[in-house]
Structure formats: structure tokens, C-alpha cells
Amino acid sequence: HVLVNLSLYLGVAIVYEMVHDTRIIPLDGQAHVGSSIEQYMGDARGRWEGDTLVVETTNFNPGESLRTFFQNSYLLSPDAKVIERFTRIGDTQIL
């Protein structure tokens, strides 16, 4: 993954190398879109907790799965909420 700071947009972008997807994650404090708006990769909202970027994603497309590894895939319910934490641990590493 590549994490890109979009300071003019007040957000970040996560670029996925494998399938060339990009997630735009707003950091402007706005609420999630309405629950009737389901998106392919969900509706992500981010915030900083110290040096850690916390991303909360809701409103996934029905039947979407969370792929943690190539061999694992978990189907998400329409009410799923996924929380991710990204912390820089070195000049070129994010955990």
C-alpha cells in the first residue's frame, strides 16, 4: 500500500498496488454519508490520534468482503464497521 497525504483536500489516499484501487479518506471531521449510500470500499472517515491515523469505515456494498490475507476473506454485513490504525514506525514503514 502507499499512503499519500492530500493536505489540500484535508485527507489521505491509500493506493492499493494489487488491484489499483485508491481509497480517499477525509480527515475534515464530517460524519459518514447516510446508511442508504453503500460504496464498493465503504465510506471511510479518518482522524489522527497522536501519531496514529485511525480510519473508520461503514456503508459497505452488500456482499463485500474484508480481505486480510490472500487466503482469508470475510463477508461483511451491511452494518459492518471496520476500524484501521496506521502508525509510522520508520521513515518508510507504516504498521
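Residues numbered from 1 in each chain as written. Predicted model: local features only at pLDDT ≥ 70, side-chain atom pairs only at ≥ 80, totals over all residues. Heavy atoms only, no water.

Let us now look at the overall build of the protein chain. When helices and strands are tallied, the protein chain shows zero helices and nine strands. Secondary structure of the protein chain in N-to-C order comes out as β-β-β-β-β-β-β-β-β. The buried share among the 95 residues of the protein chain stands at 31%. Here the contacts in the protein chain between residues at least 6 apart in sequence split such that 26% fall between residues at least 24 apart. Total accessible area on the protein chain stands at roughly 6,800 Å², and carbon and sulfur atoms take up 55% of it. (Helix = DSSP H or I, 4+ residues; strand = E, 2+ residues; numbered from the N terminus. Buried < 20%, exposed > 50% of the residue type's maximum accessible area, 1.4 Å probe, protein only. Contact = heavy atoms within 4.5 Å. Areas by Shrake-Rupley, 256 points an atom, 1.4 Å probe, with all protein chains shown as cover.)

Right, let's talk about the side chain of aspartate 43 for a bit. Within the fold, aspartate 43 resides in strand E4 (residues 43-49). Classification of aspartate 43 as buried rests on a relative accessible area of 4%. Among the polar contacts listed, one links the side chain of aspartate 43 to the backbone nitrogen of valine 33, at a separation of 2.9 Å. (Polar contact = N/O pair within 3.5 Å; in protein donor to acceptor, adjacent residues only side chain to side chain.)

Side-chain positions along a regular strand alternate between the two faces of the sheet. Of all five residues in strand E2 (residues 11-15), four are buried, a share of seventy percent or more. Alignment of E2 against strand E3 (residues 22-26), held across five bridges, turns out to be antiparallel. By the bridge assignment for E3, valine 12 is matched with isoleucine 25. (Pairing = 2+ DSSP bridges.)

A few words now on the nonpolar core. Core analysis: the biggest nonpolar cluster contains eight residues, these being Val12, Ile14, Tyr16, Ile25, Ala44, Leu53, Val55 and Phe86. Mapped onto this core, the elements with two or more residues apiece are E2 and strand E5 (52-58). Leaving out residues up to four positions away in the same chain, phenylalanine 86 has contacts with Ile14, Asp51, Thr52, Leu53, Val55, Ile94 and Leu95. (Core = buried A, V, L, I, M, F, W, Y, C linked by side-chain atoms within 4.5 Å.)

Following the sequence through the fold, tyrosine 74 ends up in strand E7 (residues 72-75). With relative accessibility at 46%, the residue tyrosine 74 sits in the partly exposed group. Put simply, tyrosine 74 and glycine 63 are eleven residues apart on the chain and 9.7 Å apart in space, counted from C-alpha to C-alpha.

Further remarks concern the side chain of threonine 52. With respect to the element layout, threonine 52 can be found in strand E5. Residue threonine 52 is classed as buried on the basis of its relative accessible area, which comes to 16%. A polar contact of 2.6 Å, which involves the side chain of threonine 52, links it to the side chain of threonine 87. The contacts of threonine 52, once residues within four sequence positions are left out, are Arg47, Arg85, Phe86 and Thr87.

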